[in-house]
Amino acid sequence: METNNASHSPWLRNCWYVIAWDHEIPAADAPTLFTRTVLGEPILVMRTADGGFAALQDRCCHRLAPLSMGRREGDCVRCGYHGLKFDAHGACVEAPGIAKVPAKACVRTYPLALRHKWLFVWMGDPARADTALLPDNFSCDHPGWCNKPGYLHYDTPYLLICDNLLDFSHLSYVHEGTLGGSTRIAQAVPVIEKVAGPGEQGIKVSRHVNDVPPPPFYQRFRQFDSNLDRWFVYEFLLPGTLLMHSGGRPVADAKDDLSRAVQLHSCQTLTPETETSTHYFFQQSHRAGHGDASVTQSIYDSLITAFNEDRDMITAQHRSILRNPDAPMLPLAMDAALIQFRRLLMQRVQAE
C-alpha cells in the first residue's frame, strides 16, 4: 500500500520554477507591483529600466510588511509602511530619518531567467543557478507554432497534479466529452523511460492509441470522416514540467504522412505556492498555417474546459484525502510513471 503524503513532501529547491508568464509582469514605468508566492515564499518581481527583471522577497526587513504594498521608484521599491527604499539587488538605499543605513538592512533576492515567455525563479542556492537546466519550452515562443498562454490556480498540493499528468488513462473518463473521446486511451499501455539528458531528469511517457474516433476537441478545428491513430509522447521533468508532442492522423494515412494530421505541442508546468496550493502555467500550440486565430482560441477554450474538469476532480480527491490523511492508496499498473517520478523527486530532495 502507498500512504498519501502529497501535502507533506519537501520541495526540491535547487531547480527552476516558473513564477509568471512574461506578460504578467508590469512595465518598468507602471505603478503597479507584481507579487506571487513560490514554495511558501512571497516574491516581488519587477522589470528594470535596462529590460531585465529583479525578484525580491516580498517582505520588508524592518517590520516585515509586504513590499508589494509600497510603490515603484525607478528601479527601486519603497516600503509602504515606514518608507525604507530597496534597490533591485535587495539593498536598502534609504531609510527616512536615518543618516547611515545599516548594512543588515536588506532583503533576499532570487535569480531569474526568461525563456520563451516563461519567467523562471531559482529557489535554492543562488551560486548553483544554471540556465543550462531550463526546460526547452520552445513552442511557447516559436514562429512555427501558435498558442494562447494560460494560467490556473489550484487549491491542492502540486504532487496530486503531477500524478494526474503522469497518467493519461484518466482522459477516457475525466475528459470523455472533451480531450478524451475514447476508453481505448485508458486501455493503451504506455512505454515509460527515464530522461537523463544534460541538465534534465524526469520520465518519458509514450502512449499510442490506434483506430479511435476523433475526440470532440479535434472536431472543433478540423473535421474528420474516419477514425484516427493518436499519439501522446511527453517528457515530465523535475520539478514538474510537461513537454508533449501529441496528435492524430487518419488511419488510412502512412505513419510519416502528416498532411491531414493534427499536430500539437504542449508546455505545462506546476509551481507549488504552498503545501496545499499550486500555480499551473500551460499552453497547447498548433502548427502555424493550420488554422487562424479562431483555431488558437478554440484550442485554448477546450483546454480551459478540460483543465477545469481536472481541477474539480483533483480538488475533490484532495478533500477526500484530508478527511483521512493516513488512508493508504492502492498502487496499480497505471501508476508506474507517477511512482517512478515521485521516487526520482525524493532522491533529488534527499541529495540536497
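Residues numbered from 1 in each chain as written. Predicted model: local features only at pLDDT ≥ 70, side-chain atom pairs only at ≥ 80, totals over all residues. Heavy atoms only, no water.

A word on unusual backbone geometry. Peptide bonds are mostly trans, and most non-glycine residues show a negative phi. Backbone torsion omega between Leu 238 and Pro 239 reads 5°, so that peptide bond is classified as cis. Looking at the secondary structure, you find Pro 239 in the loop between strand E16 (228-237) and strand E17 (241-250). Non-glycine residue Leu 39 carries a positive phi angle of around 50°. Among the structural elements, Leu 39 can be located in the loop between strand E3 (34-38) and strand E4 (41-47). The buried category is assigned to Leu 39, whose relative accessible area is 3%. (Helix = DSSP H or I, 4+ residues; strand = E, 2+ residues; numbered from the N terminus. Buried < 20%, exposed > 50% of the residue type's maximum accessible area, 1.4 Å probe, protein only.)

Looking at the element boundaries, Glu 273 is found in strand E18 (residues 262-274). Look at Glu 273: it is buried, it has no salt bridge, and the nearest opposite charge is Arg 36 at 6.7 Å. Beyond its immediate stretch of four places on either side in the chain, Glu 273 contacts Thr 37, Val 38, Leu 39, Gly 40, His 153, Thr 278 and His 279. (Lys, Arg positive; Asp, Glu negative; His and termini not counted. Salt bridge = Lys/Arg side-chain N within 4 Å of Asp/Glu carboxyl O. Contact = heavy atoms within 4.5 Å.)

The next subject is the sheet that holds strand E10 (residues 112-115). With antiparallel pairing, three strands are arranged side by side in an open sheet as E2-E11-E10. Edge positions in the sheet fall to strand E2 (16-21) and E10, since each of these pairs with one other strand and no more. Here the strands of the sheet are splayed against their neighbours by 35° on average, with no regard to which way each runs. Where E2 meets strand E11 (residues 118-122), five bridges bridge the pair, whose relative direction is antiparallel. Residue pairing for E11: Trp 16 is matched across the bridge by Trp 122. (Pairing = 2+ DSSP bridges. Axes fitted to C-alpha atoms, helices over the stretch in contact; angles between N-to-C directions.)

Take the packing of helix H1 (residues 158-166) against helix H5 (residues 336-351) next. Between H1 and H5, the shortest axis-to-axis distance is 8 Å and the interhelical angle comes to 140°. If you check the angle between H1 and H5, you find them oblique. Considering only the axes of H1 and H5, their crossing is right-handed. For the pair H1 and H5, contact is made by Tyr 158, Leu 159, Leu 160, Cys 162, Asp 163 and Leu 166 and by Ala 337, Leu 338, Phe 341, Arg 342 and Leu 345, respectively. (Parallel < 35°, antiparallel > 145°, perpendicular 65-115°, else oblique. Left-handed = near helix turned anticlockwise from the far one by under 90°.)

On to a nonpolar patch on the surface, then. Taken together, the side chains of Leu 330, Leu 332 and Met 334 define a hydrophobic patch exposed on the protein surface, amounting to about 310 Å² of accessible area. By the element assignment, Met 334 lies in the loop between strand E20 (328-329) and H5. (Patch = residues over 30% accessible without salt bridge, like charges linked within 9 Å, V, L, I, M, F, W, Y side chains within 5 Å. Areas by Shrake-Rupley, 256 points an atom, 1.4 Å probe, with all protein chains shown as cover.)

Here Arg 78 is to be found in strand E7 (residues 76-78). The class for Arg 78 is buried, based on a relative accessible area of 11%. Separated by 2.7 Å, the side chain of Arg 78 and the backbone oxygen of Gly 83 make a polar contact. Sequence-distant contacts of Arg 78, defined by excluding residues within four places in its chain, comprise Gly 70, Arg 71, Glu 73, Gly 83, Leu 84, Lys 85, Glu 94 and Pro 96. (Polar contact = N/O pair within 3.5 Å; in protein donor to acceptor, adjacent residues only side chain to side chain.)

Now for the environment of Thr 296. Examined against the element boundaries, Thr 296 turns out to sit in helix H4 (residues 293-323). Residue Thr 296 is classed as buried on the basis of its relative accessible area of 13%. Those residues in contact with Thr 296 that lie beyond four places of it in its chain are Cys 146, Asn 147, Lys 148 and His 286.

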